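Descriptive analysis of the structure
Spelled out from the first residue to the last, the chains are:
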Amino acid sequence: MIRELGVIETILRNRLFFFHEIRDGIDLQRKLRAMLISSLTFFALYGAVMGSTHSLWQALSSAVKLPVLFIATLFITAPTLYFFNVLFGSNQSLLQNVALIMTAVTVTAVILLSFAPITLFFLLTTSQYQFFKLLNVGIFAVAGSMGIMFLIQGMRIVSNVGTEGERNRRWVVRLWMFLYAFVGSQLAWTIRPFIGAPSIPFELFRQLGGNFYTNIIASIGEILGFFIVQ
Amino acid sequence: MKQNDPSKIDQLLDLLLDALQERQAARGRPFAAIETPPEPENPVTEAPPTIPAEPEAAQNETLEAVLAEPELPEKLPSIQLDRMIGRLALVILALIVLVNIPYNRYGTNLARAMPDAQALVIRDGLVLKGSGEEIYVLENNHKRWISSLDAFTYYGYRWEQVNLVDDDFLAQFPSGPALSILYKCPTSPHVFAIENGVKRWIKDIPTFVEQGYVWDDVQIVSCAAIERLPSGLPIPPDAGEPPSP
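In this report, we go over the structure that sits alongside the text.

The rules behind these values
- Residues numbered from 1 in each chain as written.
- Chains lettered and ligands numbered in written order.
- Predicted model: local features only at pLDDT ≥ 70, side-chain atom pairs only at ≥ 80, totals over all residues.
- Heavy atoms only, no water.
- Helix = DSSP H or I, 4+ residues; strand = E, 2+ residues; numbered from the N terminus.
- Contact = heavy atoms within 4.5 Å.
- Areas by Shrake-Rupley, 256 points an atom, 1.4 Å probe, with all protein chains shown as cover.
- Buried < 20%, exposed > 50% of the residue type's maximum accessible area, 1.4 Å probe, protein only.
- Axes fitted to C-alpha atoms, helices over the stretch in contact; angles between N-to-C directions.
- Parallel < 35°, antiparallel > 145°, perpendicular 65-115°, else oblique.
- Nonpolar A, V, L, I, M, F, W, Y, C, P; charged D, E, K, R; others polar.
- Pairing = 2+ DSSP bridges.
- Phe/Tyr/Trp six-rings, centres within 6.5 Å; stacked < 30°, edge-to-face > 60°.
- Lys NZ or Arg CZ within 6 Å of the ring centre and 35° of its normal.
- Patch = residues over 30% accessible without salt bridge, like charges linked within 9 Å, V, L, I, M, F, W, Y side chains within 5 Å.
- Salt bridge = Lys/Arg side-chain N within 4 Å of Asp/Glu carboxyl O.
- Expected span 1.5 Å × (residues − 1).
- Arc of directions from axis to C-beta.
- Buried area = accessible area lost by both parts, 1.4 Å probe.
- Polar contact = N/O pair within 3.5 Å; in protein donor to acceptor, adjacent residues only side chain to side chain.
- Left-handed = near helix turned anticlockwise from the far one by under 90°.

Let us look at the overall build of chain B. Counting its regular elements, chain B contains seven helices and eight strands. Counting contacts in chain B only where the partners sit at least 6 residues apart, residues at least 24 apart contribute 61% of the total. A total of about 16000 Å² of accessible surface is found on chain B, and carbon and sulfur atoms cover 56% of it.

Scanning chain A from terminus to terminus reveals eight helices and zero strands. Put simply, chain A runs from its N terminus to its C terminus through helices and strands in the order α-α-α-α-α-α-α-α. For chain A, with 230 residues in total, the buried portion stands at 53%. Across chain A, contacts joining residues at least 24 apart in sequence account for 75% of those joining residues at least 6 apart. Accessible surface for chain A amounts to roughly 10200 Å². Of this, 70% is attributable to carbon and sulfur atoms.

Before going further, it helps to examine the packing of helix α2 (residues 15–23) of chain A against helix α3 (residues 28–51) of chain A. Pairs of packed helices are described in terms of their axes, by the angle between the two and the distance that separates them. All names here are of chain A. Between α2 and α3, the least distance of the axes is 10 Å, while the angle of their chain directions is 130°. Relative to α3, the element α2 is oriented oblique. Where α2 abuts α3, its residues F18, E21 and I22 lie against L28, K31 and M35. Split by residue class, the contact of α2 with α3 holds four nonpolar, no polar and two charged.

Moving on to the sheet that holds strand β1 (residues 127–129) of chain B. Residues and elements named next belong to chain B. Pairing in this open sheet of four strands is mixed, and the strands run β3-β2-β1-β4 from one edge to the other. Only two strands of the sheet have a single partner each, and these edge strands are β3 (142–145) and β4 (162–164). Strand-to-strand twist in this sheet, taken as the mean axis angle between neighbours without regard to direction, amounts to 40°. In this sheet, β4 lies alongside β1 in parallel orientation, the contact comprising three bridges.

Here we take up the packing of aromatic side chains. Taken as a whole and assessed by the stated rule, the structure comprises 16 aromatic pairs over all chains. Ring centres of F18 of chain A and F19 of chain A lie 6.3 Å apart, and the angle between their planes is 70°; on these two criteria the pair is classed as edge-to-face. Of the two residues examined, F18 of chain A and F19 of chain A, each falls in the buried class. Geometrically, the ring pair formed by F43 of chain A and F70 of chain A is stacked, given 4.1 Å between the ring centres and 15° between the ring planes. Within this pair, whereas F43 of chain A is found in helix α3, its partner F70 of chain A is found in helix α4 (residues 56–87), the two being separated by 27 residues in sequence. Each member of the pair, F43 of chain A as well as F70 of chain A, is classed as buried. Among the aromatic residues, ring-to-ring pairing joins F43, Y46, F70 and F140 of chain A into one connected group. The ring of W189 of chain A has R192 of chain A sitting right over it, with the charged end atom 3.8 Å from the ring centre. Taking NZ or CZ as reference, R144 of chain B lies 5.7 Å from the ring centre of Y213 of chain B, over its face.

Residue and element names in this part refer to chain B. Strand order in this open sheet of four strands is β7-β6-β5-β8, and the pairing throughout is mixed. Where the open sheet ends on each side, the last strands, each with one partner, are β7 (198–202) and β8 (218–220). Within the sheet, the average angular offset between the axes of one strand and its neighbour, ignoring direction, is 40°. Note that strand β5 (residues 181–184) and β8 share three bridges and pair parallel. Considered in β8, the bridge of K184 is made with I220.

This paragraph deals with a nonpolar patch on the surface. On the surface, L124 of chain A together with L90, V91, L93, L95, V97, L98, I101, Y103 and L110 of chain B cluster together to form a nonpolar patch covering roughly 890 Å² of accessible area. Structurally, I101 of chain B can be placed in the loop between α3 (81–100) and β1. Of the residues examined, I101 of chain B reaches a relative accessible area of 44% and is grouped as partly exposed.

Time to look at α3 of chain B. With 20 residues, α3 of chain B should reach 28 Å at 1.5 Å per residue; the first-to-last C-alpha distance of 29 Å fits that figure. Listed in full, the buried residues belonging to α3 of chain B are L81, D82, I85, G86, A89, I92, I96, V99 and N100 of chain B. Down the axis, α3 of chain B shows its buried residues gathered within 160° of arc, on one side only. Pointing more than 90 degrees away from the buried face of α3 of chain B are the exposed residues R87 and L90 of chain B. Where α3 of chain B is buried, its residues meet α1 (2–13), α3, α4 and α5 (94–125) of chain A.

Turning our eyes to something else, we now look at the environment of L32 of chain A. With respect to the helices and strands, the residue L32 of chain A is situated in helix α3. Excluding its chain neighbours within four sequence positions, the residues that come into contact with L32 of chain A are L95, V98, A99 and M102 of chain A.

Let's shift gears to the interface of chain A and chain B. Taken together, the contact pairs 43 residues of chain A with 42 residues of chain B. Of the roughly 3700 Å² buried between chain A and chain B on both sides combined, carbon and sulfur atoms contribute 65%. The tally of links from chain A across to chain B stands at five residue pairs in polar contact (both at pLDDT 80 or more). Elements supplying a minimum of two residues to the side of chain A that touches chain B: α1, α2, α3, α5 and α6 (129–158) of chain A. With eight residues, the single largest contributor to the side of chain A that touches chain B is α5 of chain A.

The next subject is the packing of α6 of chain A against helix α8 (residues 212–223) of chain A. Residue and element names in this part refer to chain A. Viewed as axis vectors pointing N to C, α6 and α8 meet at an angle of 130°, and their least axial separation amounts to 9 Å. Relative to α8, the element α6 lies oblique. Once α6 is placed against α8, the crossing between them reads as left-handed. Across the interface between the two elements, Q130, F131, K133, L134 and V137 of α6 pack against F212, N215, I216, S219, I220, E222 and I223 of α8. A class-by-class count of the residues in the contact of α6 with α8 yields seven nonpolar, three polar and two charged.

Another point: the pairing of strand β2 (residues 135–139) of chain B. Residues and elements named next belong to chain B. The element β2 is extensively covered by neighbouring structure, given that four of its five residues are classed as buried. In terms of strand pairing, β1 meets β2 through three bridges, oriented antiparallel. Counterpart to L128 in the pairing with β2 is Y136. Bridging between β2 and β3 involves four bridges; their strand directions are antiparallel. Its bridge partner being in β3, Y136 is matched across the sheet by W145. Hairpin connection of β2 to β3: two residues between the antiparallel strands, including N140 at a positive phi of 50°.

Structure below.
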């Protein structure tokens, strides 16, 4: 396990080498395995931290659901990025695309892990559900942004610089990031709860209804004292 | 580089190619871009050309490749980040276990030790109790009084679901119909709601539905058992004289 974590250091400290190796197709499968194991572990830990606010069952449930959320989003959205890149002249393989996205996912997972002590601190010192929910939305936004920065950098290095369609491929990546965030947030809403409202008994999945964005706005409204979330 | 009369561009290209070859050789992998182009099928035998064998297009591609390749910085030495992350993960795992261990016989643990009064999420099915004895359940923004302990258990509520709230908080919700046990005797069409040990006749089906009941909630009991219960006001109160069960 520790051996697999070595990939984190390479990504964080020697990212140019890492992206060049992806571009050259060096050890792709080993890299993917290491990134998958690392990110699944970190997501599971962070999920357990989030779910601990509610119950042990919720902690276990979130520890499974959070890795599923990220990996499922990856599988849903990766083909779109790959085929649009091919359409605009990329010669990357699907595996190279997945490796790049997994790099972003792994960075997100590491950042989330680094935020876990802060989340635990607020878990122990506050009981306001809406605040805790928004705190986590903020943490996910920061971690996701860092991952996306890595993806953009990686794409720039891995794709053929100067070849035809490079400008279009950059736009593809930018638009794809919105798609990724949109699919991810909708999937997160579908398989919620991750934190679990204190006044509601444990439930593996909650009934569908509403959407992620209106809920976040409502939570902000409640924290500011405008209304109570129904 | 062994040309008799090379042009300046050729010299520049050769220099760049040499540098590139050295770098690729240092990386330990072959350099595909400078492979000698295949021999033409019908080579010209007389007077071999004095210029390099590479075609001009290939030279341009190579130049582009050389110019596009940014120089990689020195690889940074390891700071044992993997071990540090591994330890952080173990510490967080230990903390997760720690905050989930109950520390008293009621199952309270550190993660949920804080009072949760602020954390109430208003929703259907939320069970509330003010300073009085009455317990209410929220439904469609109305509070419904649970009229008996039997009704409380029959509808599947548990004591740990009851949230103690201020009376002011309860007062913001208008009252809805009470939530009661429903009795019906096998030989009679009449349904009675049992509230605090008193039977109340429900006038008709529209009233029954209006009260939020469903037929699955009606329990069939003996007529004698219903007759033994004291009669209260019918539902609605102006429904007239209650019939015999």
